[in-house]
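Tertiary structure, described
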Amino acid sequence: MSGASRTRVLRADYLARVEGEGAMYVRLEGREVAEVKLRIYEPPRFFEALLRGRAFTEAPDITARICGICPIAYQMSAVRAMEDACGVHLDQGPLRDLRRLIYCGEWMESHSLHVYMLHAPDFLGYSSAIEMAREHREVVERGLRMKKAGNALMALVGGREVHPINVRVGGFYRAPTRRELGAVTDQLQRAREIALDTVRWAAGLPFPQAVCEPEHVALAEEGGYPIDRGRIISDGGLDIAPAQFDEHIVEQHVEHSNALQARIRERGIYLTGPLARYALCSSALRPLARDAAHDAGLPEVCSNPFQSIVVRSVELVQACDEALALIDSYEEPDAPAVEVTPRRAVGHGATEAPRGLLYHRYEIDEDGTILDARIVPPTSQNQLAIEEDLRAVVAEHIDLPEEQLALRCEQAIRNHDPCISCATHFLQLTVERG
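Now for a look at the structure at hand. Computed from a predicted structure; not experimentally measured.

Here we look at the environment of Leu-90
Residue position: Leu-90 is located in the loop between helix H3 (71-85) and helix H4 (94-124). Overall, the relative accessible area of 9% leaves Leu-90 in the buried class. Between the alpha carbons of Leu-90 and Ala-337 there is a distance of 9.8 Å; along the sequence they are 247 residues apart. Leaving out residues up to four positions away in the same chain, Leu-90 has contacts with Arg-80, Glu-83, Leu-95, Arg-96, Arg-99, Gly-170, Gly-171 and Val-338.

Considering the packing of helix H10 (residues 274-281) against helix H12 (residues 308-329)
Two elements in contact, H10 and H12, have axes whose closest approach is 9 Å; the angle formed by their N-to-C orientations is 70 degrees. Comparing their axes, H12 and H10 come out roughly perpendicular. The two elements H10 and H12 cross, and the hand of that crossing is left-handed. Counted together, Pro-274, Leu-275, Arg-277 and Tyr-278 of H10 and Ser-308, Val-311, Arg-312 and Glu-315 of H12 form the full contact between these two elements. Its residues placed into classes, the contact of H10 with H12 shows four nonpolar, one polar and three charged.

Quick notes on the state of the cysteines
Within this structure, the stated rule accounts for zero disulfides. Not part of a disulfide, Cys-67 finds its nearest cysteine sulfur in Cys-70, a span of 3.2 Å.

Structural notes on the pairing of strand E7 (residues 231-234)
In this structure, strand E6 (residues 215-220) lies alongside E7, joined through four bridges in antiparallel fashion. Looking across to E7, one finds that Ala-220 is bridged to Arg-231. Bridge count between E7 and strand E8 (residues 239-240): two bridges; the pairing is antiparallel. Bridge pairing in E8 places Ile-233 opposite Asp-239.

Each value, and the rule that gives it
Residues numbered from 1 in each chain as written. Predicted model: local features only at pLDDT ≥ 70, side-chain atom pairs only at ≥ 80, totals over all residues. Heavy atoms only, no water. Helix = DSSP H or I, 4+ residues; strand = E, 2+ residues; numbered from the N terminus. Buried < 20%, exposed > 50% of the residue type's maximum accessible area, 1.4 Å probe, protein only. Contact = heavy atoms within 4.5 Å. Axes fitted to C-alpha atoms, helices over the stretch in contact; angles between N-to-C directions. Parallel < 35°, antiparallel > 145°, perpendicular 65-115°, else oblique. Left-handed = near helix turned anticlockwise from the far one by under 90°. Nonpolar A, V, L, I, M, F, W, Y, C, P; charged D, E, K, R; others polar. Disulfide = S-S within 2.5 Å. Pairing = 2+ DSSP bridges.

As structure tokens, this is what we get:
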């Protein structure tokens, strides 16, 4: 039977090294990719419903529980939205600096986890970081040292590494002293050197061929690489405030997924995350990170999603270097927070989680009671782009043997570090050929 007509089925019951539970379905008709579905079957957790009726001050602590890997992203988008509703804007000064600083810690721990523990085994031919450590101990230890530095920064500013407790609407419950921040500078300097080594190492990995060019969407802020605030822009002409998100982005329910899928109205698929941030804002990288990207041979727009591991590594350099600069210029604030008085209003907040744009919208009553909440995480925005990416990868590598094609599909999904939940297993893969 010819390869063009025979039926082939590939199946992987579940995939580690990605957060959450779901499945992937790929149907081939001859040599054509007829259907691709990213099935997210993890039960909904109803955080938006849980927020209704709670005080506006509770949003940062409640939403932090959505993700153990990127709690700061949820906290910062929540405080941004609540402060927007109450007419408060912390866009400069030491409290803003502390927010960027703790966000740098989250990028460090999240990116290092993905680069070294979740993604590197794909390139080096191992099923897990534990297996990889037997022959590449130094690689795994390097990733652990980087993650430890990020965790230390989050604990220092946030009170603890996981689900930090020091973040509040209006600022922080307690601001660290210059001396306390200075205690982590040596560790951050070592982490910065590790990050530079990471870029060089990642640039030398064997990258499968793939070209995917969705519309890129990210925050942009004059004078800095996007992280905790900014306007939402794209290379397709989007340039809006977070308050205009719903005017341009629509979420839809599809039968095969428990997560809503987002698309740009009248245009469709878009991608958010490191590849989008780099494509839109690489000129805003700090000089050290920009030079690292150049030396790694990254083009201004990286269209091969398998090279996302290099872009994340460049962002590790950015996060370490910016964290050190923020600590060096830090001045202790007069108070750890500003007063925020509730009023009946709607507020919007958007920040850049490690995996991409994270949008929050809240409606609150006069006394600060949350009447309505909406949260749009990066992975729901990226679902369609992941499906399109997988379609292109299957078409490019259609002649690979069964097992190799299955592994290539799994790797293509891990390129985007999808965070379906805080769980550790994700994918049941089925490819049908007919």
